[in-house]
Amino acid sequence: MGEILVVAEHRQGQLNPATLETIAAAVNLKGGSDRKIAVAVLAENPDDFVGQVGKAGVDEIVKVPVGVASFQSDTYEAAVLALAEARKPSVIMLPHTVDTWGYAPAVAVRGGFGCATDVFEAKYDGDELVAVRAAYAEKLHMEVDFPGKDTVVLTVRTNVFKPSEDDASPSVSDFAAPPAEARTTHMKFIEPEQTGDVDITQAEYMLSIGRGVGEEDNVEEFKELADTLGFTLGCSRPIADNGWLPKSRQVGQSGKTVAKCKVYVALGISGSVQHMAGMKHVPNIIAVNKDAEASIFTIARYGIVGDMFEIAEELREQM
Amino acid sequence: MKILVPVKQIGVVDEDFELRGDGKDVDPDFLNFEANEWDDYSYEAALQIMEAADGVEVVPVTVGPDDAEDVLRRCLAKGGERGIRVWDDALEDASPAAIVQVLAKVVEKEQPDMVFTGTLSSDRSYAQTGVGLAAALGWPHAAVITGIEWKPGDPKATLLRELEGGLVEQLSVNCPVVLTIQLGINTPRYASLRGVKQAKEKPVEDLSLADLGLSGDDLAAAGGSFRVRRMYKPETGQAELIEGTPAEQAARLVEIINELKGAA
């Protein structure tokens with residue numbers, strides 16, 4: 001029975017908390033079995049992170065010194081493939097993040113492994129590994145298995161599995177990764193622009209607009225509406241991509257998480273996974289959308305199936 | 001100098017839909033077929049390089065049945081002189097591993113200098129094809145790209161990679177390279193009426209697996225990324241719907257907002 005190998009992720013010296021969620025997913029997958037769980041730490045200096053990944057359920061931490069301080073796809077691929085070759089894990093689990101988008105599929109192709117991305121449930125049906133992920137804009141779920149695959153790469157959706165608060169004392173081992181020719185070179189990180197605009201991560205009341213706003217000229221009236229309500233204006237990705245609102249107003253995976261928000265009014269936002277990653281934790285979500293089937297209604301507390309412009313106009317009159 | 005751009009026709013489910021008889025996908029009668037949004041950006045990125053230099057060819061390629069030709073025509077209406085469509089019934093329900101094998105053969109045949117894919121497609125959102133393709137080819141790759149500085153002949157490209165939370169990485173990459181392109185890298189153009197008309201006359205080469213030296217058995221032998229056991233409609237939460245006229249709905253909304261603000 002092969003182990004479950006989790007690969008830790010870090011950036012700019014910080015462990016990505018999604019690593020601990022992925023460990024929790026591994027513990028969940030292990031269930032009552034005697035399968036082992038190992039966590040590989042690929043880093044310039046793995047000791048920087050060893051103390052943080054020894055969570056309950058982890059049997060072993062594998063230190064893999066790599067010659068790069070930040071993610072480099074060729075280096076990571078070579079290291080994970082070498083780990084797979086040496087340890088023959090049944091499952092390699094990684095968080096579903098921008099970094100793993102950049103190398104997990106390559107590991108799977110080069111190793112001939114099974115692979116499923118953005119998985120939010122993984123279990124054994126007898127000896128058979130089964131993973132569950134979404135399809136068609138979250139409207140369906142798909143259950144997949146991996147016949148004939150001795151090793152399977154799973155990337156695990158973030159904000160699904162709750163990290164354990166209990167520490168354990170796993171054994172620690174060393175693994176020498178083979179040298180890899182790095183064909184990309186990190187130059188620098190560019191921090192998001194501080195526009196002097198509001199910090200939406202601190203906002204308690206937000207009104208966000210999405211694609212439904214239609215055109216740039218329509219944005220102004222929602223700015224005014226947000227002001228009238230005393231709400232902070234936010235937006236989904238297309239609005240920021242179009243330059244209709246600054247990127248600092250964008251809620252979601254590539255934007256900001258509205259950590260302090262108590263009430264979130266979503267107007268004309270259908271609710272992509274990426275957007276919801278930044279706001280689905282808000283206790284009071286109110287969604288207005290023309291499409292009764294929009295995903296946003298599955299996480300909203302209150303919903304209005306209707307025209308955001310009509311509702312906005314009525315709100316202005318009634319406030 | 002050539003840029004190959006794999007594009008995809010995606011299915012969007014109707015409000016009410018039924019599953020296929022085997023329960024492993026949506027019945028195609030309940031799908032609306034569209035071009036994948038990400039591919040508008042990857043194709044635009046290629047066209048911009050083509051327009052900024054002499055002697056650059058942009059070729060869209062798709063793996064899909066007859067009507068998937070639409071996505072190629074849609075591209076050709078914006079630029080490019082020819083497209084490639086690969087299909088074989090053995091590719092129905094193909095997993096990313098199989099698509100990667102097919103595209104790798106197209107790359108061998110076409111010998112492009114760059115390959116731009118979308119970061120993901122909005123139907124299944126696997127986000128595996130581009131990076132998997134690079135691995136199959138042994139090419140360098142970079143994913144979730146929001147900036148490309150490169151002109152034909154440059155041995156390296158300077159890229160921006162969009163990370164979480166608004167952070168961006170600047171990196172350089174050796175060419176040839178496979179890039180997966182993220183939304184927002186550019187503003188995709190619309191096709192002109194003239195372009196749409198011209199696109200109808202542009203050649204689309206239809207290739208079978210055999211034309212690429214592959215067979216359904218080859219794909220089966222290599223095994224897929226996974227096998228779909230079943231699809232199902234998940235149990236989801238449902239918002240408490242506020243009914244009535246817009247005036248009534250807004251009035252209730254004001255009440256709710258005031259309550260929530262008062263309680264906070």
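Located above this text is the structure these notes cover.
Remember, predicted model here, so these are calculated numbers, not experimental data.

About the cut-offs
Throughout this description, residue numbers start from 1 for each chain and increase along the sequence as written. Chains and ligands are labelled sequentially in the order written, the chains with letters from A and the ligands with numbers from 1. Local features are withheld for residues below a pLDDT of 70 in this predicted model, meaning they are given only at 70 or higher, and side-chain atom pairs are given and counted only at 80 or more; totals for whole chains, interfaces and linings count all residues. Just so you know, side-chain values use all the structure's heavy atoms and leave hydrogens and water out. Each helix is a run of H or I in the DSSP string that is no shorter than four residues. Each strand is a run of E no shorter than two, and both are numbered from the N terminus. Summary of the burial criterion: residues with accessible area below 20% of their type's maximum are buried, those above 50% are exposed, and those between are partly exposed, where the area comes from a 1.4 Å probe applied to protein chains only. We call two residues in contact when some of their heavy atoms are within 4.5 Å. Residues scored as charged are limited to Lys and Arg (positive) and Asp and Glu (negative), so that His and the chain ends carry no count. Note on charges: their place is set at NZ of Lys, CZ of Arg, CG of Asp or CD of Glu. Expected helix span is taken as 1.5 Å per residue step, with the number of steps being one fewer than the number of residues. Strands are treated as partners if at least two bridges between them are detected by DSSP.

(A) Spotlight on the overall build of chain B. Helix and strand counts for chain B come out as seven helices and 13 strands. With respect to the three principal axes, the spread of C-alpha positions in chain B is 65 × 45 × 40 Å. Burial analysis of chain B (264 residues in total) assigns 53% to the buried set. Restricting to contacts in chain B with at least 6 residues of sequence separation, those with at least 24 account for 69%. Here chain B carries 26 positive and 46 negative side-chain charges, and the mean point of each set is 4 Å from the other.

(B) Region of the structure containing helix α1 (residues 37-52) of chain B. Residues and elements named next belong to chain B. Its 16 residues place the ends of α1 24 Å apart at the C-alpha level, agreeing with the 22 Å of an ideal helix rising 1.5 Å per residue. For α1, every residue scored as buried is listed here: Trp-38, Asp-39, Asp-40, Tyr-41, Ser-42, Tyr-43, Glu-44, Ala-45, Ala-46, Leu-47 and Ile-49. Elements in contact with the buried residues of α1: β1 (2-7), β4 (57-63), α2 (69-76), β6 (114-118), β7 (141-149) and β10 (177-181).

(C) View of helix α3 (residues 73-87) of chain A. Residues and elements named next belong to chain A. Here α3 contains 15 residues, and its C-alpha end-to-end distance of 21 Å stays within 8% of the 21 Å for a straight helix at 1.5 Å per residue. In terms of residue burial, α3 counts as a mostly covered element, since 12 of its 15 residues are buried. Listed in full, the buried residues belonging to α3 are Ser-73, Asp-74, Thr-75, Tyr-76, Glu-77, Ala-78, Ala-79, Val-80, Leu-81, Ala-82, Leu-83 and Ala-84.

(D) View of the pairing of β1 of chain B. Residue and element names in this part refer to chain B. Most of β1 sits out of view: six of its six residues are buried. Both faces of β1 are covered, namely the face carrying Lys-2, Leu-4 and Pro-6 and the face carrying Ile-3, Val-5 and Val-7. Relative to β4, β1 runs parallel, the two being bridged by six bridges. Bridged to Val-5 within β4 is Pro-60. With two bridges joining them, β1 and β6 adopt parallel strand pairing. The residue bridging Leu-4 from the neighbouring strand is Val-115, located in β6.

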